[in-house]
Amino acid sequence: MGRASTKENKSIYQLKREELGLTREKAADILVGMSPDRIEKIENGKTQAHPEDVLLMAEGYASPQLNNWYCSHECPIGQKYVPELDLKDLSQIVLEMLASLNSLQRDQERLIDISADGEIQSDELEDFVRIQENLERMAMTVDTLQLWSEEMLSSGRIDKEAYEKLKAARG
């Protein structure tokens with residue numbers, strides 16, 4: 001049986017594995033194709049995780065949040081374009097979404113005025129930036145809802161088969 005780590009600055013990958021009560025050996029049994037040695041090197045920062053490694057850990061540990069963390073912290077492209085998402089309760093996500101929608105509804109006419117001529121005039125710039133920031137918050141809320149859904153599906157709190165059947169029927 002493996003020893004419990006006393007390291008203070010643990011990686012998100014190690015924290016998730018330990019949260020599940022897995023040794024590296026048991027994790028390697030779940031993460032088919034990844035050795036305990038590779039897991040240790042990734043967790044200790046001795047080697048960079050590859051996207052395939054993170055996908056395997058996210059699925060094996062039933063933690064899609066690992067994918068977002070990797071993209072927002074380790075992937076050079078993701079660091080520029082993918083914000084880190086915090087897992088939130090569904091009620092908080094819905095309230096944030098409603099607040100964003102209300103804000104957008106108030107800004108709808110102003111956005112039409114600004115964009116009507118295809119150019120952003122200097123006297124329109126401040127409003128445009130504010131509206132753009134509101135839209136970015138809305139996009140993050142949508143992404144957070146998607147992450148919440150993935151977490152619920154991975155954990156079995158949403159029936160994955162029924163969910164996928166409904167999605168396929170709509171799609």
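Note that the coordinates shown come from a computational prediction; the quantities given were computed from them, not determined experimentally.

Go over a nonpolar patch on the surface with me, naming the residues and quoting the values.
The grouping of Leu90, Val94, Leu95, Leu98, Leu101 and Leu145 at the surface amounts to a nonpolar patch, some 490 Å² of accessible area in total. Of the residues forming the nonpolar patch, the biggest block, 5 residues, is contributed by helix H7 (residues 90–115). Look at leucine 145 and you get partly exposed, because its relative accessible area is 31%.

Please set out helix H4 (residues 51–60) residue by residue, giving values where relevant.
One turn of the α-helix equals 3.6 residues, which is why residues spaced by three or four share an orientation. Taken as a whole, H4 has its buried residues at Asp53, Val54, Met57 and Ala58. Down the axis of H4, the buried side of the element spans an arc of 130°, and every buried residue falls inside it. Exposed and facing more than 90 degrees away from the buried side of H4 are Glu52, Leu55 and Glu59. Alanine 62 sits one or two residues past H4 and shows a positive phi near 55°.

Give me the environment of leucine 87: which residues, what numbers.
Secondary-structure assignment places leucine 87 in the loop between helix H6 (76–81) and H7. Residue leucine 87 is classed as partly exposed on the basis of its relative accessible area, which comes to 37%. The spacing of leucine 87 and glutamate 52 is 35 residues in sequence and 23 Å in space, taken between C-alpha atoms. Those residues in contact with leucine 87 that lie beyond four places of it in its chain are Gln65, Leu147, Trp148 and Glu151.

Outline the pattern of salt bridges, listing residues and values.
Enumeration according to the criterion identifies 12 salt bridges in this entry. Put simply, arginine 17 and glutamate 18 hold a salt bridge, and the shortest N to O gap is 3.9 Å. A salt bridge links lysine 41 to aspartate 37, with the shortest nitrogen-to-oxygen separation between them at 3.3 Å. Residue lysine 41 and its partner aspartate 37 are located together in helix H3 (residues 36–43), separated by 4 residues, close to a single helical turn. For aspartate 37, a relative accessible area of 42% translates into the label partly exposed. One network of salt bridges, in which partners are shared, links Lys10, Arg17, Glu18, Arg24 and Glu43.

Tell me about the packing of H4 against helix H5 (residues 65–73), and please be specific about residues and values.
Between two packed helices, what matters for the description is the angle formed by their axes and the separation of those axes. It is at 8 Å that the axes of H4 and H5 come closest, and there the two elements cross at 155°. Classified by the angle their axes make, H4 and H5 are roughly antiparallel. The residues of H5 that touch H4, namely those facing Pro51, Val54, Leu55, Met57 and Ala58, are Leu66, Asn67 and Tyr70. Partitioned by chemical class, the residues of the contact of H4 with H5 number 7 nonpolar, 1 polar and no charged.

Quick one: what's the story with the packing of aromatic side chains, residue by residue and with numbers?
On inspection of all chains with the given rule, the structure shows 1 aromatic pair. Between tyrosine 13 and tryptophan 69, the ring centres sit 5.9 Å apart and the planes meet at 85°, which makes this aromatic pair edge-to-face. Note that tyrosine 13 is positioned in helix H1 (residues 12–19) and tryptophan 69 in helix H5, a separation of 56 residues in sequence. Its relative accessible area of 2% is what places tyrosine 13 among the buried residues.

Cut-off values and rules
- Residues numbered from 1 in each chain as written.
- Predicted model: local features only at pLDDT ≥ 70, side-chain atom pairs only at ≥ 80, totals over all residues.
- Heavy atoms only, no water.
- Patch = residues over 30% accessible without salt bridge, like charges linked within 9 Å, V, L, I, M, F, W, Y side chains within 5 Å.
- Areas by Shrake-Rupley, 256 points an atom, 1.4 Å probe, with all protein chains shown as cover.
- Salt bridge = Lys/Arg side-chain N within 4 Å of Asp/Glu carboxyl O.
- Helix = DSSP H or I, 4+ residues; strand = E, 2+ residues; numbered from the N terminus.
- Buried < 20%, exposed > 50% of the residue type's maximum accessible area, 1.4 Å probe, protein only.
- Arc of directions from axis to C-beta.
- Contact = heavy atoms within 4.5 Å.
- Axes fitted to C-alpha atoms, helices over the stretch in contact; angles between N-to-C directions.
- Parallel < 35°, antiparallel > 145°, perpendicular 65-115°, else oblique.
- Nonpolar A, V, L, I, M, F, W, Y, C, P; charged D, E, K, R; others polar.
- Phe/Tyr/Trp six-rings, centres within 6.5 Å; stacked < 30°, edge-to-face > 60°.

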